[in-house]
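Understanding the architecture of this molecule
Now for the letters of each chain:
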Amino acid sequence: MEPASMTCRAHIDNLDEVIGFVEARADRFGLDDKKKFGLLVAVEEAFVNICRYAYQGAEGEVTLACTGDPDGFAVEIVDQGISFDLLSLPDPDITAGILEREIGGLGVAFIRKLTDEVSYRRQGGQNILRMALHVPPGGAEA
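What comes next is a walk through the structure. (Residues numbered from 1 in each chain as written. Predicted model: local features only at pLDDT ≥ 70, side-chain atom pairs only at ≥ 80, totals over all residues. Heavy atoms only, no water.)

What follows deals with the overall build of the chain. Along its length, the chain carries 3 helices and 5 strands. From first element to last, N terminus to C terminus, the chain shows the α and β order β-α-α-β-β-α-β-β. Counting all 142 residues of the chain, 38% fall into the buried class. Nonlocal contacts in the chain, meaning residues at least 24 apart in sequence, comprise 67% of its contacts between residues at least 6 apart. (Helix = DSSP H or I, 4+ residues; strand = E, 2+ residues; numbered from the N terminus. Buried < 20%, exposed > 50% of the residue type's maximum accessible area, 1.4 Å probe, protein only. Contact = heavy atoms within 4.5 Å.)

Here the phi dihedral of Gln-56 falls at roughly 45 degrees; this positive angle occurs in a residue that is not glycine. Tracing the backbone shows Gln-56 in the loop between helix H2 (33-54) and strand S2 (61-69).

Here we take up the pairing of strand S4 (residues 117-123). Regular strands place side chains that alternate from one sheet face to the opposite one. Looking at chain direction, S4 and strand S5 (residues 126-134) are connected through 7 bridges and run antiparallel. By the bridge assignment for S5, Tyr-120 is matched with Leu-129. (Pairing = 2+ DSSP bridges.)

This paragraph deals with the packing of helix H1 (residues 15-29) against H2. A pair of packed helices is characterised by two quantities: the angle between their axes and the separation of those axes. Two elements in contact, H1 and H2, have axes whose closest approach is 10 Å; the angle formed by their N-to-C orientations is 150 degrees. In terms of orientation, H1 and H2 fall into the roughly antiparallel class. The way H1 lies across H2 gives a crossing that is right-handed. Contact residues: Leu-15, Val-18, Ile-19, Val-22, Glu-23, Ala-26 and Asp-27 in H1; Lys-36, Leu-39, Leu-40, Val-43, Glu-44, Phe-47 and Val-48 in H2. Considering only residue class, the contact of H1 with H2 consists of 10 nonpolar, no polar and 4 charged. (Axes fitted to C-alpha atoms, helices over the stretch in contact; angles between N-to-C directions. Parallel < 35°, antiparallel > 145°, perpendicular 65-115°, else oblique. Left-handed = near helix turned anticlockwise from the far one by under 90°. Nonpolar A, V, L, I, M, F, W, Y, C, P; charged D, E, K, R; others polar.)

In a regular helix each residue adds 1.5 Å, so 15 residues correspond to 21 Å; H1 covers 21 Å between its end C-alpha atoms and thus fits that length. Taken residue by residue, H1 has Leu-15, Val-18, Ile-19, Phe-21, Val-22, Arg-25, Ala-26 and Phe-29 as its buried positions. Down the axis of H1, the buried side of the element spans an arc of 160 degrees, and every buried residue falls inside it. Residues Asp-16 and Arg-28 are exposed on H1 and point more than 90 degrees away from its buried face. The elements touched by buried residues of H1 are strand S1 (4-9), H2, S2 and strand S3 (72-79). With its phi angle positive at about 100 degrees, Gly-30 sits one or two positions after the end of H1. (Expected span 1.5 Å × (residues − 1). Arc of directions from axis to C-beta.)

Shown next as structure tokens:
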């Protein structure tokens, strides 16, 4: 599958466009519905966090790139916002009562749980989050 990318303003109004872009690439790759749904939830969580926090009220952009090969399908999300490694956050304590829990953190847990591989790096003033799904041989068309 040829790499495909899109860039948009880091604004919540662009969420549908972002999800539609990733969904179309995942469909073209042949990702099964269950894996695709999980990936779309993870992409939504990451994009919304960038919109809310990366640029601290200023304008900014987000670039998404989708790639697929015989091993799987991946989405890379890049922004130029403040440095933030969301993977450095601990998993939330879901054993605590709902009123005793800390606010936040569930989105990061979703990203970790719904993808097979997730990584973060800061390079050239950019946050780069990569989320990948492994596909068994014959599980999708490349």
